[in-house]
Amino acid sequence: MAKRIDVSGLNAYYSSFLAIEDISMTVEPRSVTAFIGPSGCGKSTFLRTLNRMHEVTPGGRVEGKVMLDDENLYGAGIDPVAVRREVGMVFQRPNPFPTMSVYDNVAAGLKLNGKFKKSELDDVVEKSLRGANLWNEVKDRLNKPGSGLSGGQQQRLCIARAIAVEPNVLLMDEPCSALDPISTLAIEDLIGELKERFTIVIVTHNMQQAARVSDRTAFFNLAAVGQPGKLIEIDETERIFSNPSVQATEDYISGRFG
Amino acid sequence: MDITTDPQKPAPAPVPHQPPGKDAKRAARGATRPGDRIFLGLSRGSGIFVLVIMAAIAAFLTYRASIAISKNEANFFTTLEWNPTGTPPEFGIAVLAFGTVVSSVIAMAVAVPIAVGIALFITHYAPRKLGGAIGYVIDLLAAVPSIVYGLWGALVLVPHMEGLFGWLDEYLGWTGVFEWNQGAPRSLFTVGILLAIMILPIITNVSREVFRQVPRMHEEAALALGATRWEVIRMSVLPFGRSGVISASMLGLGRALGETMAVAMVLSSSFEINLSLLDTGGGTFAQNIASKFNEATVMGRDALIASGLVLFVITLLVNGAARMIIGRRKEYSGANA
């Protein structure tokens, strides 16, 4: 299931503004890769180029190549809708569909992909909720609205919704920044379990979190406001946090930036 | 009710064992400034004023209506006659209720889907400039006075309805509802179409505002699951906008129920219930009042006022029903997201 992501020479624009410049990296399957860097350095923008969500922003466009195993996501004839069914995403703020029940939220992606029997849906919903460590908390209230859950539960519901369609890659855009420490811990544990099955890319502002959950860490930075964000380096997480090869990374990690 | 916004509720006294005097009460309420007191008085006064006007209208309608109804020898709700000055006076609202409800239902059935479609096109499909231009034209449409719609309806719409009527008669005539005897198309159906055009702008405008407010994150949730544009609309835009569209429709329905001039100018009215909607005949509350009021005697006016009271009650019931529909699934609405 999990696939390798290979990015080369990627630029992303908002209209004429170059937001990120010339990014190349490889993300290994069945691993967690964390993106860190100051606000505005383009790490979220870069994340959104990996499932072609960047281009839904008015004026958003991308140059370069993103290979998912042997397939260029930006190749001719590739349908962005199909890309997003293969590359799941979890957002900063939990966003379950407010008008849908817990069950329907998890089943939403499947229903888009075609007709399923009720029993098949039941199985996938249970499996996904178990996969998101949420089953025991919601099994008695599957028909209650998803927006009635706590913030942490909502975020795990969103993860269940994303993994229900069995994507190859799971992108997470600061998935814990709106959550309390206990819910954060639950999500982090979950990420550790999910990497057995998926390729995971996570953007985080929390460097301890990057150190805890990721195998590899990429550091992004920008020269100045208005300048494009760039990938400074990507390496084993342990190395980035102990002995990074670029001075800027060390400055950022130790709090001596700017 | 939210207690914290209730100005009547005194805050807990800071010194509880102080003897309760006038000064202590004032102190307990906290310092009040003249500006606050004036504004409180003004806003409270305005609120009460609305209630007084509403009560005055209801009292007037009820009083005059009761005079007429007490003299009525026939059943007010089922009689198909309107003869308040006869001996004995006999009148009923069945025909008017039928005509009003039927023309409004036709108007809603035509206008709501088109209005929702236009609103979705403006907010989610059209390029920003085109959407803005269309929205501007719709706004203009809302400002056209109903007398102008009436003129246009009578002079342009009516002659052009014959083709549609013939088509409906040919293919749906067997239902009885769309049977047409080749009369002038000044029927309840034409009125319904004209009303649909008249209420289209208000429903479109309110729906557009609601669709515009759909949180970006709900739409992105659907997009990230691999939803197409239509699926995004179905999964996040329409559910979020549902209650707003209902409110918008009720605003439109309110206008359709009460529309007078345009209906009076287009409809060739007669006091009968005709189940084939393409044939002339029938009437609505407002149209009936407008056509008969000038020549009516005191008793005739009171009878018309009684019919006006029924329209008033129908409008209240429609609004109540809309609120119930909106409230029933409140926990699923986007409001608590």
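All figures in this text were calculated on a predicted structure; none of them were measured in a lab.

**Considering the overall build of chain B**
Step number 1: Within chain B one finds eleven helices and two strands.
Step number 2: Helices (α) and strands (β) of chain B occur, in sequence order from the N terminus, as α-α-β-β-α-α-α-α-α-α-α-α-α.
Step number 3: For chain B, the proportion of its 337 residues judged to be buried stands at 36%.
Step number 4: Considering only intrachain contacts with a sequence separation of at least 6, the fraction spanning at least 24 residues in chain B is 69%.

**Quick look at the overall build of chain A**
Step number 1: Summing up its helical and strand segments, chain A has ten helices and ten strands in all.
Step number 2: Taking 18 Å as the expected radius of gyration for a compact globule of 258 residues, we find that chain A reaches 18 Å, a close match to that expectation.
Step number 3: Along the first, second and third principal axes, the C-alpha atoms of chain A reach 55 × 45 × 30 Å.
Step number 4: Per-residue burial over chain A gives 48% buried out of 258 residues.
Step number 5: A separation of at least 24 residues holds for 69% of the contacts in chain A among residues at least 6 apart in sequence.

**Description of helix 3 (residues 94-125) of chain B**
Think of an α-helix as turning once every 3.6 residues; residues three or four places apart then point the same way.
Step number 1: With 32 residues, helix 3 of chain B should cover 46 Å at 1.5 Å per step; its first-to-last C-alpha distance of 45 Å lies within 8% of that length.
Step number 2: In the structure, helix 3 of chain B departs most strongly from a straight axis at Ala111(B), where the bend amounts to approximately 25° and where the proline Pro113(B) lies between one and four residues downstream.

**Observations regarding the interface of chain B and chain A**
Step number 1: With 21 residues of chain B in contact, the opposing surface of chain A contributes 22 residues.
Step number 2: Elements with a contribution of two residues or more to the side of chain B that touches chain A: helix 7 (216-224) and helix 8 (229-258) of chain B.
Step number 3: Across the side of chain B that touches chain A, the residue classes break down as eleven nonpolar, seven polar and three charged.

**Re the UniProt feature "domain: ABC transporter" (unreviewed entry) in chain A**
Step number 1: Within this numbering scheme, the UniProt entry marks residues 5-247 of chain A as carrying the feature "domain: ABC transporter" (unreviewed entry).
Step number 2: End-to-end, the C-alpha atoms of residues 5-247 of chain A are 27 Å apart, and along that stretch the chain is 35% helix and 27% strand.

**Re the pairing of strand 6 (residues 87-90) of chain A**
Residue and element names in this part refer to chain A.
Step number 1: Judged by which residues are buried, strand 6 turns out to be covered on both faces: Val-87 and Met-89 on one side and Gly-88 and Val-90 on the other are all buried.
Step number 2: Relative to strand 7 (residues 169-173), strand 6 runs parallel, the two sharing four bridges. Counterpart to Met-89 in the pairing with strand 7 is Leu-171.

**A look at the pairing of strand 8 (residues 199-203) of chain A**
Each regular strand displays side chains that alternate between the two surfaces of the sheet.
Residue and element names in this part refer to chain A.
Step number 1: Along strand 8, five of the five residues are buried, which leaves the element largely enclosed by surrounding structure.
Step number 2: Residues of strand 8 alternate between two faces, with Thr-199, Val-201 and Val-203 on one and Ile-200 and Ile-202 on the opposite face, all of them buried.
Step number 3: For strand 3 (residues 32-36) and strand 8, the ladder comprises four bridges, and the chain directions are parallel. Its bridge partner lying in strand 8, Phe-35 is registered against Val-203.
Step number 4: Taken together, the five bridges between strand 7 and strand 8 define a ladder with parallel strand orientation. Bridge assignment links Leu-170 to a residue of strand 8, and that residue is Ile-200.
Step number 5: At this point the chain moves from strand 7, through helix 7 (residues 181-194), to the parallel strand 8, and the crossover so formed is right-handed.

**A word on the environment of Arg44(B)**
Residues and elements named next belong to chain B.
Step number 1: Within the secondary structure layout, Arg-44 lies in helix 2 (residues 34-71).
Step number 2: Judged by local crowding, Arg-44 falls into the exposed class, with 11 C-beta atoms found within 10 Å.
Step number 3: Considering only alpha carbons, one finds Arg-44 and Gly-92, 48 residues apart in sequence, at a separation of 41 Å.

**A closer look at unusual backbone geometry**
Step number 1: Cis geometry is adopted by the peptide bond preceding Pro88(B), which originates at Thr87(B) and carries an omega value of -5°.
Step number 2: Tracing the sequence through the fold places Pro88(B) in the loop between strand 1 (82-83) and strand 2 (90-91).
Step number 3: Its identity as a non-glycine residue notwithstanding, Asp22(A) has a phi of 50°, on the positive side.
Step number 4: Relative to the elements of secondary structure, Asp22(A) occurs in strand 2 (residues 17-27).
Step number 5: The class of Asp22(A) is partly exposed, set by 14 C-beta atoms lying within 10 Å.

**Observations regarding the environment of His124(B)**
All names here are of chain B.
Step number 1: Looking at where His-124 falls in the secondary structure, it is placed in helix 3.
Step number 2: Classification of His-124 as partly exposed rests on a count of 17 C-beta atoms within 10 Å.
Step number 3: Residues His-124 and Val-232 lie 108 residues apart in sequence; the distance between their C-alpha atoms is 9.9 Å.
Step number 4: In this structure, His-124 is in contact with Arg-229, Ile-233 and Val-237, ignoring residues within four places of it in sequence.

**A closer look at the packing of helix 3 (residues 102-113) of chain A against helix 4 (residues 118-131) of chain A**
All names here are of chain A.
Step number 1: In the contact formed by helix 3 and helix 4, the axes pass within 9 Å of each other and the chain directions differ by 110°. Of the possible angle classes, the one that applies to helix 3 and helix 4 is roughly perpendicular. On helix 4, the residues that touch Tyr-103, Val-106, Ala-107 and Leu-110 of helix 3 are Leu-121, Val-124, Val-125, Ser-128 and Leu-129.
Step number 2: Residue composition of the contact of helix 3 with helix 4, grouped by class: eight nonpolar, one polar and no charged.

Basis of the calculations
Residues numbered from 1 in each chain as written. Chains lettered and ligands numbered in written order. Predicted model: local features only at pLDDT ≥ 70, side-chain atom pairs only at ≥ 80, totals over all residues. Helix = DSSP H or I, 4+ residues; strand = E, 2+ residues; numbered from the N terminus. Buried ≥ 20, exposed ≤ 12 C-beta atoms within 10 Å, placed from the backbone. Contact = placed C-beta atoms within 7 Å. Rg over C-alpha atoms; globule rule 2.2 N^0.38 Å. Expected span 1.5 Å × (residues − 1). Bend = angle between axes of the 7 residues up to and from the residue. Nonpolar A, V, L, I, M, F, W, Y, C, P; charged D, E, K, R; others polar. UniProt positions renumbered as here; feature names shortened; annotations may be inferred. Pairing = 2+ DSSP bridges. Right-handed = clockwise from strand over helix to strand, strands pointing away. Axes fitted to C-alpha atoms, helices over the stretch in contact; angles between N-to-C directions. Parallel < 35°, antiparallel > 145°, perpendicular 65-115°, else oblique.

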